[in-house]
Amino acid sequence: MSEVEILQSFKSLIENHCGMMITDVHLSQMQKYLTETSEKTGLSYAELYTSATKDPTQLIKLINAVVVNETYFFREEKQFA
């Protein structure tokens, strides 16, 4: 499986799990996370995918690495004007 196909598999996994649409920005964050995790653990992307599908903790780590968790929009009074 090529790297593009594996990234597409991760993208589909996240979209199916939480309904979030993965954009190009998210893809670059995902690739960065996968590269760092692969280097740290010695696992290939394919092995990381298998881990994410079998271990909910690994899937949550992946999602948290990809998702931009900003909520300031809802705390700024001017946003409601």
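Starting from 1, residues in each chain are numbered consecutively following that chain's sequence as written. Local features in this predicted model are restricted to residues of pLDDT 70 or higher, and side-chain atom pairs are both shown and tallied only at a pLDDT of 80 or more, whereas totals for entire chains, interfaces and linings draw on every residue. The side-chain numbers reported here are obtained from all heavy atoms of the structure, hydrogens and water having been left aside.

Some thoughts on the overall build of the protein
Piece 1. The secondary structure listing takes helices from DSSP runs of H or I that are at least 4 residues long and strands from runs of E that are at least 2 residues long, numbered from the N terminus. When its secondary structure is counted, the protein shows four helices and zero strands.
Piece 2. Along the protein, helices and strands appear, N-terminal first, in the series α-α-α-α.
Piece 3. The proportion of buried residues among the 81 residues of the protein is 27%.
Piece 4. Within the protein, counting contacts between residues at least 6 apart in sequence, those at least 24 apart form 59% of the total.
Piece 5. Only the protein chains shown count as cover for residues, and the accessible areas themselves come from Shrake-Rupley with a 1.4 Å probe. In the structure as shown, the protein presents an accessible area of about 5,800 Å², 54% of it carried by carbon and sulfur atoms. Working definition: with a 1.4 Å probe on protein chains only, accessible area under 20% of the residue-type maximum means buried, over 50% means exposed, and in between means partly exposed. Here, residues are in contact when the closest pair of their heavy atoms is within 4.5 Å.

Describing the packing of aromatic side chains
Piece 1. Two rings belonging to Phe, Tyr or Trp (six-membered ring only in the last case) form a pair when the distance between their centres is within 6.5 Å. Interplanar angles under 30 degrees mark stacking, angles over 60 mark edge-to-face geometry, and anything in between is tilted. Inspection of the entire model under this criterion finds one aromatic pair.
Piece 2. Pairing F10 with Y49 gives two aromatic rings, centres 5.3 Å apart and planes at 85°, and the pair type is edge-to-face. Of the two residues, F10 sits in helix α1 (residues 3-18) while Y49 sits in helix α3 (residues 45-54), which places them 39 residues apart along the sequence.
Piece 3. Assessed through its relative accessible area of 27%, Y49 is described here as partly exposed.

What about helix α2 (residues 24-41)?
Piece 1. With 18 residues, α2 should cover 26 Å at 1.5 Å per step; its first-to-last C-alpha distance of 25 Å lies within 8% of that length.
Piece 2. Residues H26, M30, Y33, L34, T37 and S38 constitute the buried set of α2. Across the axial projection of α2, the buried residues extend over an arc of 130°, all falling on one side. For α2, the exposed residues set more than 90 degrees away from the buried face come down to D24, V25 and E39.
Piece 3. Looking at the buried positions of α2, the neighbouring elements they touch are α1, α3 and α4 (56-66).
Piece 4. Directly beyond the C-terminal end of α2, a positive phi value near 80° is found at G42. Helix span, expected: 1.5 Å multiplied by one less than the number of residues in the helix. Each C-beta atom gives one direction from the helix axis, and the arc is the one those directions make.

Things to note about the environment of I14
Piece 1. Here I14 shows up in helix α1.
Piece 2. The spacing of I14 and I63 is 49 residues in sequence and 6.7 Å in space, taken between C-alpha atoms.
Piece 3. The residues touching I14, leaving out its near neighbours within four places in the chain, are G19, I22, M30, L62, I63 and V66.

What about the nonpolar core?
Piece 1. As used in this record, nonpolar core signifies buried Ala, Val, Leu, Ile, Met, Phe, Trp, Tyr and Cys residues forming a set joined through side-chain atoms within 4.5 Å. Counting residues in each nonpolar core, the largest one holds 17 residues, and the members touching the most others are F10, I14, M30, L34, L62 and V66.
Piece 2. For this core, the secondary-structure elements that each account for two or more residues are α1, α2, α3 and α4.
Piece 3. The greatest single-element share of this core, amounting to five residues, is contributed by α1.

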